[in-house]
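Chain by chain, the residues:
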Amino acid sequence: MTRKTQIKIRPAPRGPLGAHWNGEGVLFSLFSRHAEAVELCLFDPSGSDEIASHWLPARSGDVWHGYLPGAGPGLVYGYRAHGKYAPRQGHRFNKHKLLLDPYARRIQGDFGWSPEAFGYCHGAEEDWRPDIRDSAPVVPKSVVIDDSFDWQGQPRPATPWSRTVIYETHVKGFTAQHPDVPEQLRGTYLGMAQPAVIEYLQQLGVTAVELLPCQAFLSEEHLLQRGLRNYWGYNPISYFAPHAGYAVSDPVGEFREMVRVLHESGIEVILDVVFNHTAEGGEYGPTLSFRGIDNASYYLLDPSDLR
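Here we summarise the structure given alongside this text. (Residues numbered from 1 in each chain as written. Predicted model: local features only at pLDDT ≥ 70, side-chain atom pairs only at ≥ 80, totals over all residues. Heavy atoms only, no water.)

Under the counting rule described, the total for this entry stands at 18 aromatic pairs. The interplanar angle of 55 degrees and the centroid separation of 6.3 Å between the aromatic rings of Phe217 and Tyr246 together place this pair among those described as tilted. Of this pair, Phe217 sits in strand 14 (residues 215-217) while Tyr246 sits in the loop between strand 15 (236-242) and helix 5 (251-264), and the two are 29 residues apart along the sequence. Comparing Phe217 with Tyr246 shows no difference in burial state: the two are buried. Linked through ring pairs, Phe111, Trp113, Phe118, Tyr120, Trp128 and Tyr284 together constitute an aromatic cluster. The ring of Phe43 carries Lys141 above its face, with NZ or CZ at 5.3 Å from the centroid. (Phe/Tyr/Trp six-rings, centres within 6.5 Å; stacked < 30°, edge-to-face > 60°. Helix = DSSP H or I, 4+ residues; strand = E, 2+ residues; numbered from the N terminus. Buried < 20%, exposed > 50% of the residue type's maximum accessible area, 1.4 Å probe, protein only. Lys NZ or Arg CZ within 6 Å of the ring centre and 35° of its normal.)

Quick look at the environment of Pro13 now. Turning to its location among the elements, Pro13 is positioned in the segment before strand 1 (18-21). Sequence separation between Pro13 and His65 is 52 residues; the distance between their C-alpha atoms is 8.0 Å. The residues touching Pro13, leaving out its near neighbours within four places in the chain, are Leu27 and His65. (Contact = heavy atoms within 4.5 Å.)

Here we come to the side chain of Asp44. Along the chain, Asp44 turns up in the loop between strand 3 (37-43) and strand 4 (50-55). Among the residues examined, Asp44 registers a relative accessible area of 19% and is labelled buried. A distance of 2.9 Å separates polar atoms of two side chains, one belonging to Asp44 and the other to Ser46. If we ignore the near neighbours within four places in the chain, the residues touching Asp44 are Asp49, Ile51 and Val76. (Polar contact = N/O pair within 3.5 Å; in protein donor to acceptor, adjacent residues only side chain to side chain.)

Here the focus is the sheet that holds strand 7 (residues 76-82). As summarised here, the arrangement of the 5 strands in space is 4-3-7-11-10, forming an open sheet in which the pairing is antiparallel. Looking at strand neighbours, the two that pair on one side only are strand 4 and strand 10 (106-108), the edges of this open sheet. Here the average twist between neighbouring strands, direction ignored, is 35 degrees. Note: strand 10 against strand 11 (residues 141-143), 3 bridges, orientation antiparallel. Opposite Arg106, over in strand 11, you have Val143 as the bridge partner. (Pairing = 2+ DSSP bridges. Axes fitted to C-alpha atoms, helices over the stretch in contact; angles between N-to-C directions.)

Such coordinate-based values are descriptive only and should not be taken to indicate function.
Given below as structure tokens:
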């Protein structure tokens, strides 16, 4: 059962987009040009029980923001954007759908393509009737992180392009069966940072690894229906959160440690990023983040141009 408690959130100067901890509280900032209000929803550590909610109290231009004293790393949250539901005009606001923060550094929870995750009644595409079921139980949530990390003074190698040798690889596949990588680390960010892997890359003369998508991604519905999963990662749902499936326990910290060790070994890190679509898919896809926050703006549409 959902249990909501009274929390205090206050206006504060606009900060960078996302959720940022300053040691005493968290500043939340979210872009939405066409929303009429934005609700911040807080969950217990498991993400299963919504324990508090509050309206973001301030707006600067198209950014909604507020400061939550006492909040800190590990806080699980999501947004509900309130506004016009008019799909044919480009607006897909639905207060019943919990939304990922596009700037979240970590997300948690699985997604199983439940009908509740869709902003319209799934199967009723012709009339676009809104779905009023709460999607919170079936969608991933955002998590506040501690942004500090000890890089041990290690700078980026900055190899000149004329001397750069790039090795493209897959974080999981490269070490999934590597005999010289500890079994518990195979297929992970930390597996990429093992001495045997580093030595192999150096022997090849590699100066940079290009990692296939390791931003948080989802498996497409048609794959799951066939008992398959997305292996390559070309279906992102969060551009700033490392994919949790490649971590032992801490995706952010372990990703950073991998980068630190590679840099220490003179190897740069290049990320393959998918910008032409997200896991929300086309117009008939689920409402998980961008679509519900401000569909018309994120898809670079001016509603006045739609007929």
